[in-house]
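# Understanding the architecture of this molecule
Listed below are the residues making up each chain.
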Amino acid sequence: MSIQFHEPTGVFSLETAHSLYQMKADEAGVLLHLYYGEKTSGNMDYLIRYSDRGFSGNPYEQRDRRGYSLDTLPQEYSGSGVGDYRLPAVQVLSENGSRSVDLRYVDFQIEKGRQALHGLPYIRESADCETLTVTLRDDVIGLEAQLLYHVFPSQDVIVRSVILKNTSKKTLTIGKAASACVDFLYGDFDALHFHGRHCMERQAERLHLPKGATSFGSRRGMSSHHSNPFVILSDRRATEHQGDCYGFMLMYSGNHLEEMEVDQAGSIRIVTGIHPDGFAWRLEPGDTFETPEAILSFSAEGFNGLSNQYHRIIREQVIDPRYRGTKKPVLINSWEAAYFDFDAEKILRFARSAKALGMEMLVLDDGWFGKRDDDNSGLGDWVVNEKKLGCSMKSLSDQIHQIGLKFGLWFEPEMISEDSELFRAHPDWALTDPERKPMLARNQLVLDMSRQDVVDYLVNAMCAVLDHAKIEYVKWDFNRSIANCYSHALPPERQGEVAHRFMMGTYQLLSRLLEKYPDLLIEGCSGGGGRFDAGMLFYCPQIWCSDDTDAIERLEIQRGTSYGYPASAMGAHVSASPNHQTSRMTPLSTRSIVAQSGTFGYELNPERLTEEEKEQIKAQISDYHRFEALIAEGSYYRLSELDENKDYEAWMFVSPDQKEALVNLVMTHIRANGPFPYIRLQGLDPRQVYRLEGTEESYPGSALLYGGYAFGQLRGDYPAIQLHLISEEA
Ligand code: GLA
């Protein structure tokens with residue numbers, strides 16, 4: 001049993017393979033958080049101390065206990081306006097104008113397994129998963145909160161979410177409903193977060209948490225390039241491979257907020273959930289509101305240990321099991337090869353060249369539908385532009401299949417161009433403020449996905465294309481942030497619900513398409529990696545990592561992404577040199593080594609390749625096939641500390657049985673007479689001996705782990721090395 005309730009003390013213990021989480025309701029019914037961290041034995045409530053702090057008042061019924069204050073006790077789900085001045089987890093407006101919420105313990109339930117969610121992505125049930133539901137209530141306003149804890153013991157993960165229910169006879173308006181709140185009694189913590197911008201997503205930045213509040217988040221209607229819904233709190237001394245690290249990942253693709261506060265006494269609170277700015281959800285009597293899930297994980301083995309736990313839960317319980325262990329086709333994408341300038345003849349020429357090089361799927365990117373010869377028009381008109389193509393989509397798809405490739409197509413379902421038939425017919429289907437000119441980006445507007453008629457239209461429009469031609473893959477794009485988040489289908493008092501209803505509409509559309517086409521592979525995308533989150537990964541097993549395909553920039557983007565997400569989820573392509581985003585020149589071998597650490601493909605004009613490049617590409621594809629399982633299923637190790645050196649980036653994969661490893665090194669700065677990169681490898685079995693493929697060299701695992709590998713002097717522009725190690729026992 002991974003969940004236990006100890007009757008005599010009232011302590012709930014949630015145990016995973018390497019972690020323990022404890023809480024208990026005290027005599028006043030306040031659900032106290034006791035502990036989260038490395039496994040201990042016993043009851044941790046001895047850690048709670050009471051002290052009379054000035055300006056931290058006492059609940060009325062505790063007025064004789066001056067040391068008892070909601071402001072100083074560690075809470076499991078903090079209320080608001082009743083004396084805990086730290087970050088609230090929940091905020092509610094009652095009809096009488098009161099904003100107070102004071103939740104007290106009612107009861108609990110422990111169950112095997114977990115219920116699936118309908119309407120939101122969730123962590124899929126595992127054989128050993130168990131669920132604890134703790135019910136809290138505020139009797140004054142009639143609000144019930146069910147705190148859900150799904151424990152995944154073998155994966156070292158605890159998934160939290162909350163269901164709020166209005167049990168009163170009046171309307172309650174929820175202003176904030178966090179998915180999780182965790183209080184640490186003490187600690188000297190750093191926060192690792194992942195900021196960025198278009199073409200530079202998930203840049204890892206490590207900050208020492210100051211006193212007071214720190215927050216990261218997105219108000220863009222999307223999880224965003226700018227701030228990923230994932231934060232790691234770590235001990236200040238933690239390194240990649242040692243030290244306590246706590247991960248908080250929100251399984252959500254819309255507005256989100258991660259808040260941390262170091263309080264007057266040095267306690268640390270973290271609260272994560274839907275961003276409260278602009279959020280106001282009306283809960284009528286009897287209604288419930290369900291938050292997205294937050295994936296919590298703890299590792300005492302540093303950032304890298306934590307990353308492997310996230311990789312595992314995402315591979316095993318987030319990504320649809322039908323993709324587990326399946327090989328992803330090596331694709332060629334038309335975007336950087338042709339942009340909007342193509343017809344069927346050109347695409348077929350690309351397909352023939354790609355097939356000759358060993359590629360397996362051609363993806364026709366933006367520009368095949370409506371009036372769309374640039375990015376100013378046509379979105380929403382998902383009707384094949386046969387005039388531009390010179391044939392029907394069925395004919396193009398048939399010919400591509402005859403060449404021996406699979407076929408994929410780009411869509412940007414949630415968008416609408418002002419210049420489109422759809423907008424002319426349904427201007428009210430766009431999110432626009434009734435009294436303002438809308439904000440445009442790429443000259444497009446955002447469809448109101450909170451409307452059922454819009455979702456139904458998209459199902460029909462997309463199915464018409466997908467039914468007409470054989471299409472094995474869809475690239476699902478989302479190319480602007482949301483503004484003017486106003487639905488013409490909802491009354492004024494419900495406008496604060498639009499952003500979340502939008503996400504539910506998108507998730508519904510994805511679910512309905514996947515139900516109808518169970519073999520369809522959907523790659524998520526949002527101007528590159530603007531919606532790279534566990535919510536999208538529930539539907540899309542891979543997500544285009546960034547519109548920046550420069551191999552050297554990709555090192556940082558892929559490194560940042562790797563803290564929370566597995567390589568198998570990162571769309572990564574070899575593109576042309578000079579690179580289209582940076583004009584940098586890099587060797588083809590370097591570009592391939594970097595792109596191989598993701599779902600591999602090419603994004604270049606295959607007709608412009610030299611004979612020598614073609615031979616190299618054939619070899620790269622055959623190597624990728626040899627390493628694909630290792631990259632997709634292996635443990636992942638970053639081989640340098642964040643910001644430790646500016647001269648190289650190195651990382652490796654080790655197979656689950658430790659019999660095979662793939663080590664990658666890219667020099668980002670070559671120095672005259674510079675030091676050699678000596679790198680200690682990770683994850684190998686110290687008792688095994690590893691042969692270095694293509695050489696006569698072999699090394700004991702212990703030597704590579706403790707003595708490291710000597711890479712020698714490298715020269716030139718951005719050279720890269722890949723080592724394939726095979727155990728002599730293999
Ligand atoms: C986004 C994607 C690109 C490409 C373009 C097409 O920017 O990230 O890969 O599909 O849209 O407009």
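Predicted model, so just to flag it, every value in this text is computed and none were measured.

If you walk through the whole model with that rule in mind, you get 42 aromatic pairs. Consider the rings of F600 and Y602, whose centres lie 5.1 Å apart with planes at 70 degrees: the pair is edge-to-face. Pair check on accessibility: F600 and Y602 agree, each one buried. Centroid distance Y709 to F711: 4.8 Å. Interplanar angle 75 degrees. Geometry classified as edge-to-face. Across the pair, F711 and Y709 agree in class, each one buried. Taken together, the aromatic side chains of Y21, Y36, Y149, F184, F189, Y246 and F298 make up a single cluster linked through ring pairs. Over the ring of F538 we find R124; its NZ or CZ atom is 3.9 Å from the centre of that ring. Over the aromatic face of Y563 sits the side chain of R638, whose NZ or CZ is 3.6 Å from the ring centroid.

For the structure on display, the rule yields 54 salt bridges. Here E421 makes a salt bridge to R424, at a shortest N to O gap of 3.3 Å. Of this pair, E421 and R424 both sit in helix α6 (residues 421-425), separated by 3 residues, roughly a single helical turn. Look at E421 and you get exposed, because its relative accessible area is 52%. D456 is paired through a salt bridge with R512; the nearest N and O atoms lie 2.8 Å apart. Separated by 56 residues along the polypeptide, D456 in helix α7 (residues 452-468) and R512 in helix α8 (residues 498-516) bring together distant segments of the chain. On the basis of relative accessible area, D456 is assigned to the partly exposed category, the value being 29%.

Partitioning the protein chain into structural domains gives domain 1 (3-318), domain 2 (330-633) and domain 3 (638-727). The distance between the C-alpha centroids of domain 2 and domain 3 comes to 34 Å. Listed per partner, the contact involves 20 residues of domain 2 and 24 residues of domain 3. Taking both sides of the interface into account, the surface hidden between domain 2 and domain 3 amounts to around 1,900 Å²; carbon and sulfur atoms contribute 64%. In this structure, the salt-bridge partner of E649 is R559, at a minimum N-O distance of 2.9 Å.

Before going further, it helps to spend a moment on helix α12 (residues 611-633). Between its first and last C-alpha atoms α12 spans 34 Å; for 23 residues at 1.5 Å apiece the expected length is 33 Å, and the two agree. The largest bend along α12 reaches roughly 55 degrees and is located at F627. Every buried residue belonging to α12 is among I617, Q620, I621, Y624, F627, E628, L630, I631 and A632, and all of these are buried.

Moving on: the sheet that holds strand β36 (residues 698-700). The sheet built from 6 strands is open, its strands ordered β31-β32-β33-β38-β35-β36 with antiparallel pairing. Edge positions in the open sheet fall to β31 (635-638) and β36, since each of these has one partner strand only. Ignoring strand direction, the axes of neighbouring strands in this sheet form an average angle of 20 degrees. In this sheet, strand β33 (residues 660-667) lies alongside strand β32 (residues 648-654) in antiparallel orientation, the contact comprising 7 bridges. Paired with W651 across the strands is N664, a residue of β33. The strands touched by helix α11 (residues 588-595) within the sheet are β32, β33 and β38 (720-727), with β38 carrying the most contacts at an inclination of about 50 degrees.

Calculation notes
Residues numbered from 1 in each chain as written. Predicted model: local features only at pLDDT ≥ 70, side-chain atom pairs only at ≥ 80, totals over all residues. Heavy atoms only, no water. Phe/Tyr/Trp six-rings, centres within 6.5 Å; stacked < 30°, edge-to-face > 60°. Buried < 20%, exposed > 50% of the residue type's maximum accessible area, 1.4 Å probe, protein only. Lys NZ or Arg CZ within 6 Å of the ring centre and 35° of its normal. Salt bridge = Lys/Arg side-chain N within 4 Å of Asp/Glu carboxyl O. Helix = DSSP H or I, 4+ residues; strand = E, 2+ residues; numbered from the N terminus. Domains from an automatic or database assignment. Contact = heavy atoms within 4.5 Å. Buried area = accessible area lost by both parts, 1.4 Å probe. Expected span 1.5 Å × (residues − 1). Bend = angle between axes of the 7 residues up to and from the residue. Pairing = 2+ DSSP bridges. Axes fitted to C-alpha atoms, helices over the stretch in contact; angles between N-to-C directions.

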